[in-house]
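Structure at a glance
The residues making up each chain are set out below.
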Amino acid sequence: AEEKKTIRGVKQMKAKERITLMVCTSAVGEKVPLAIVGKSKRPQCWDLCDNKTPMPYTSQANAWFDKKVALWWVQDVFYAWYKQRYGELPCVLILDYCPAHEGLEKVSPRPVIVTFL
């Protein structure tokens, strides 16, 4: 019985530290900056980076990609990157269809056309 407790990894399964990483690339292989969703408003690990986040970061209670976070990513991360590279040329952003992405086609910046798989 004692051996079974050490094999099951119960303590590790109870740990709730998690992050969500948003990865995106263009059709020609250009990488959009990674974006992270975590639980903490200000992670301690970034104290080592002079309190500057090394990549776009936002917090959410469960570190999930919900509607608010999806809108933040489209407007503040993706569109900022796209506008810097291509200006106001139109582009198509293809996303999988999940509840967090609903409505993004109505509120995305003007040159970004959101479509779903």
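Residues numbered from 1 in each chain as written. Predicted model: local features only at pLDDT ≥ 70, side-chain atom pairs only at ≥ 80, totals over all residues. Heavy atoms only, no water.

**Focus on the packing of aromatic side chains**
Applying the stated rule across the entire model yields 7 aromatic pairs. Their ring planes at 35 degrees and their centres at 5.1 Å tell us that Tyr-82 and Tyr-86 sit as a pair that is tilted. With Tyr-82 and Tyr-86 both in helix H3 (residues 67-86) and 4 residues apart, the pair spans about one turn of that helix. Look at Tyr-82 and you get buried, because its relative accessible area is 7%. Aromatic rings pair up to connect Trp-73, Phe-78, Trp-81, Tyr-82 and Tyr-86 into one cluster. (Phe/Tyr/Trp six-rings, centres within 6.5 Å; stacked < 30°, edge-to-face > 60°. Helix = DSSP H or I, 4+ residues; strand = E, 2+ residues; numbered from the N terminus. Buried < 20%, exposed > 50% of the residue type's maximum accessible area, 1.4 Å probe, protein only.)

**A closer look at the layout of surface pockets**
Of the voids in this model, the largest pocket is the one considered here, and its volume is about 350 Å³. If you go around the largest pocket, you meet 18 residues; those closest to its centre are Thr-25, Ser-26, Ala-27, Phe-78 and Val-92. For the lining of the largest pocket, the elements supplying multiple residues, two or more each, are H3 and strand S4 (91-95). Broken down by class, the residue content of the lining of the largest pocket amounts to 16 nonpolar, 2 polar and no charged. (1 Å grid on protein atoms, 1.4 Å probe; cavity = no way out; pocket = protein on both sides within 12 Å on 5 of 7 lines; lining within 4 Å. Points joined across faces, edges and corners; volume = space filled by probe spheres on them. Nonpolar A, V, L, I, M, F, W, Y, C, P; charged D, E, K, R; others polar.)

**Examining the environment of Phe-116**
Locating Phe-116 in the fold gives a position in strand S5 (residues 112-116). Taking C-alpha positions, Phe-116 is 9.3 Å from Glu-105, a pair spaced 11 residues apart along the chain. Beyond its immediate sequence surroundings of up to four residues, Phe-116 is in contact with Leu-95, Asp-96, Tyr-97, His-101 and Glu-105. (Contact = heavy atoms within 4.5 Å.)

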